[in-house]
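Observations on the three-dimensional arrangement
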Amino acid sequence: MSYSLQLKSEHRCFEGTVAYYSHHSQCCGGLMNFAVYLPPQAQTKKVPVLYYLSGLTCTEENFTVKSGAQYYAAKYGIMLVIPDTSPRNTGILGEDDSWNLGSGAGFYVDATIDPWKAHYQMYTYIVKELPELVQHNFPVNVNKSSIFGHSMGGHGALICALKNPQQYCSVSAFAPIAAPSHSLWGKEAFKLYLGDNQENWSNYDASELVKKTQLDYPILIDQGTADPFYQEKQLLPEMFQEVCEKIGQPLILRLHKGYDHSYFMIASFIEDHLSYHALYLGD
């Protein structure tokens, strides 16, 4: 694969650098975008890396601009990597017709159904191609990687960690789709990308994966009780919690009264997540 990157823009931030890149993705068969925050410590040594997976309709820009994470990444000396949420402009008929399917809604799965399977290989992109690209182009410690995300991206972070327990040092999520096989969003996406066989869905459902693989550290989840998608049973963190309790997976599920699904909630608790990951990414 090619490791070449196109720098689109860069900005000084807390003595580090925010930068936006594009590159040709082999597994997605087209141009992909991502953002990074390189902390000041990277000027003199290799640093740990924390991947952030965004939610439905987002790009690599939402978290980068709205979360306030750079301050804490600079404090702890952690590189942030923020990929886009799907391939774009693939030519697939209908890819831009819906906000929760197609563009901006890759769901972090490897699609097996035409026409999506030619481009929508987001799982492999996140766990294999993007890390290889990052390791080749930036001063990162290859043994110190963690992952977190929001909503659809929280789902993505959970499944990536549970499917690759040796690759990530820690995982956390804001308002994740924690049991997608039981929510409307998940069912629609899984049927589109994976087909009707629900046995295939379990390969990308955290509430099923955790039954087979337990992590040796606690998973951190923050959920706002005023989140309309939580109230509509799209997210189902308690279902995930129930499974974790049965099989002995440590879980810290924090419910926050009055908080919704927005980046205001993320910004309110981003320090907790960065400090959590710093515990596991430290020396």
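Residue numbers restart at each chain and count upward from 1, following the sequence in its written direction. With the structure being a predicted model, the display of local features is reserved for residues of pLDDT at least 70 and the display and counting of side-chain atom pairs for 80 or more, all residues being used for whole-chain, interface and lining totals. Side-chain metrics in this entry use all non-hydrogen atoms of the structure; hydrogen atoms and water are not considered.

A word on the overall build of the protein chain
Test applied: Here a strand is any run of E in DSSP of at least two residues, a helix any run of H or I of at least four, and the numbering for each starts at the N terminus. Radius of gyration here is computed from C-alpha atoms only, and the compact-globule reference equals 2.2 Å multiplied by the residue count raised to the power 0.38. Partly exposed describes any residue whose relative accessible area lies between the buried limit of under 20% and the exposed limit of over 50%, with all areas from a 1.4 Å probe on protein chains only and scaled to the type maximum. Shrake-Rupley sampling with a 1.4 Å probe provides the accessible areas, and residues are treated as covered by the protein chains on show and by no other component. In summary, the charge assignment counts Lys and Arg as positive and Asp and Glu as negative, without counting His or the chain termini. Here the site of a charge means NZ on Lys, CZ on Arg, CG on Asp, or CD on Glu.
Helix and strand content of the protein chain: ten helices and nine strands. Taken against the 2.2 N^0.38 rule, which gives 19 Å for 283 residues, the C-alpha radius of gyration of the protein chain at 17 Å falls within 12% of a compact globule. By principal-axis analysis of the C-alpha atoms, the protein chain measures approximately 50 × 40 × 35 Å. Burial status across the protein chain gives 58% buried among its 283 residues. For the protein chain, the exposed surface amounts to about 11700 Å²; the carbon and sulfur share of it is 49%. Counting 19 positive and 28 negative side-chain charges, the protein chain places the averaged centre of each group 4 Å from the other.

Quick word on the side chain of Asp-227
In plain terms, the rule: When a carboxyl oxygen of Asp or Glu lies within 4 Å of a side-chain nitrogen of Lys or Arg, that pair is called a salt bridge. The contact criterion used is simple: two residues touch if any of their non-hydrogen atoms lie within 4.5 Å.
When you line up the elements, Asp-227 lands in the loop between β8 (219-224) and α8 (228-231). One buried charged side chain, Asp-227, makes no salt bridge at all; its nearest oppositely charged neighbour is Lys-233, positioned 12 Å away. Look past the residues within four positions of Asp-227 in its chain and what remains in contact with it is Ala-175, Leu-235, Tyr-259, Asp-260 and His-261.

Notes on the side chain of Ser-22
Note that Ser-22 resides in strand β2 (residues 16-25). Note on Ser-22: relative accessible area 3%, which makes it buried. In contact with Ser-22, other than residues within four places in its own chain, are Leu-5, Gln-6, Lys-8, Leu-31, Met-32 and Asn-33.

What to know about the nonpolar core
So the rule is basically this: Each nonpolar core is a collection of buried residues, namely Ala, Val, Leu, Ile, Met, Phe, Trp, Tyr and Cys, held together in the definition by side-chain atoms within 4.5 Å.
Membership of the largest hydrophobic core comes to 96 residues, with the highest contact counts inside it found for Phe-63, Phe-107, Ile-126, Ile-147, Tyr-193 and Leu-274. If you tally residues by element for this core, the top one is helix α10 (residues 263-281), at nine residues. Apart from residues lying up to four places away in sequence, Ile-126 is in contact with Leu-53, Pro-83, Tyr-108, Pro-131, Ile-147, Cys-160 and Tyr-168.

A look at the pairing of strand β3 (residues 30-38)
Heads up, the rule is: Between any two strands, at least two bridges found by DSSP are needed for them to pair.
For β3, a buried count of seven out of nine residues is recorded, marking the element as mostly surrounded by other parts of the structure. In this structure, the hairpin formed by β2 and β3 is closed by a connection of four residues, where Gly-29 is found at a positive phi of approximately 65 degrees. Note: β3 against strand β5 (residues 79-83), four bridges, orientation antiparallel. Counted as the bridge partner of Val-36 is Val-81 from β5.

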